[in-house]
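One-letter residues, chain by chain:
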Amino acid sequence: MNFKGELRKMLVDFNSENVVQYEMLFFNTETQEKESLPMNELIGKSIAFEFTGNIYCKNCGTKTKTSFNQGFCYPCFKDAPESAECIIRPELCRAHLGEGRDVEWEERNHNQPHIVYLAASDVVKVGVTRATQIPTRWIDQGANEAIILAETPNRYLAGVLEVALKSEFTDKTNWRKMLRNDVDENIDLEETKWQLEELLPEDLAQYISEEDDLTNINYPVIEFPTKIKSVNLDKLPSISGKLMGIKGQYFLLDGDRVMNIRRHTSYEVEFEVKD
């Protein structure tokens, strides 16, 4: 089984047992066609990546020597709304003011309901995402469980609320611990959520969600690595081995190796399933 194309972030979904179902995407800039490959059934099998040396900007399709911010050429990295600073720092968003790199794009994507959430693995993390990206965002980050903390009418307010909690919680994922599946079983997200209400000023506390549903997330993994050895196509144009599992947007390969698929967005590869 062979595929060729530019890598994109994997599609994710749940099955009835809350096990994440993954699909790898291959895009062809020239034809604008996509192919998808269900990945769960390939866990335990040998796979191989061969980097062709070609990278195409996911925004404009231009061939580029270097990928910036997971798939952009440099001009799009500087100018495209998808790579604006408020993607990383939502408290800087200006969509609610009718401003931004692309006002229409900002209106469709950032001047929309956003979720502030708590996610747990080894620690509690606070994060922000568009309401339509739940639970995708949680899965992409490799969270083991998550809960909605608040819902705001736009990205800016979600960012302000997140900043108000940063003194209590991190907004970063320790990717090494996440991939080793280091989990703190003593974390109680529901209890933590309601403790936080007292920390927020009244103008932000009004956005606290009454929803208390806890989402448990199970990943398709045979064996988690004990020591993390990160591999990438820039240093190793050929990467092969047994696929031991998938967590977040990472392939877990034999020999404690991990490969970040999202980091390779826009890289053209030849992909082979060997058995």
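Here we summarise the structure given alongside this text. Worth saying up front: this structure is predicted, and the values here are computed from it rather than measured.

Next up on the list: the nonpolar core. In terms of nonpolar packing, the biggest core is built from 39 residues, with Y22, M24, M39, F49, F251 and F271 touching the most fellow members. Contacts of F251, omitting those with residues within four sequence positions, involve M10, M24, M39, I47, F49, L243, G245, I246, R257, V258, M259 and I261. Counting residues in hydrophobic clusters, the runner-up holds 20 residues, among them V124, I147, A158 and L165.

Time to look at helix α5 (residues 155–165). By the burial criterion, the buried members of α5 are R155, L157, A158, G159, L161, E162 and L165. Among the structural elements, α2 (85–88), β5 (114–120), β6 (124–130), β7 (145–152), α7 (189–196) and α8 (202–205) are those in contact with the buried residues of α5. Sitting at the head of α5, N154 places a side-chain oxygen 3.2 Å from the backbone nitrogen of Y156.

Our focus in this paragraph is the packing of aromatic side chains. Scanning all chains against the criterion turns up ten aromatic pairs. Taken together, a centroid distance of 6.1 Å and an interplanar angle of 45° make the contact between Y74 and F77 tilted. Here F77 and Y74 lie together in helix α1 (residues 74–79), a separation of three residues that amounts to about one turn. Judged by its relative accessible area of 29%, F77 is partly exposed. Feature note: the residues F3, F26, F49, F251 and F271 constitute an aromatic cluster, connected by ring pairs.

Criteria and cut-off values
Counting of residues starts from 1 at the beginning of each chain's written sequence and follows it residue by residue. Residue-level local features of this predicted model are given only where pLDDT is at least 70; pairs of side-chain atoms are given and counted only at 80 or more, and the full residue set underlies all totals for whole chains, interfaces and linings. Each side-chain value is worked out from all heavy atoms of the structure, with water and hydrogens disregarded. Throughout, nonpolar core names a set of buried Ala, Val, Leu, Ile, Met, Phe, Trp, Tyr and Cys residues whose side chains join them through atoms within 4.5 Å. When accessible area is computed with a 1.4 Å probe and restricted to protein chains, residues below 20% of their type maximum are described as buried, those above 50% as exposed, and intermediate ones as partly exposed. In this analysis, two residues are considered to be in contact whenever any of their non-hydrogen atoms come within 4.5 Å of each other. Starting at the N terminus, helices and strands are each numbered in turn, a helix being any DSSP run of H or I of at least four residues and a strand any DSSP run of E of at least two. Any N or O atom pair separated by 3.5 Å or less is treated as a polar contact, with the protein-specific requirement of one donor-capable and one acceptor-capable atom, and with residues adjacent in sequence counted only for side-chain atom pairs. Centres within 6.5 Å make a pair out of two Phe, Tyr or Trp rings, where for Trp the six-membered ring is used; the pair is then stacked when the planes are under 30 degrees apart, edge-to-face when over 60, and tilted otherwise.

Everything listed here is a matter of coordinates, which is why it stays silent on function.
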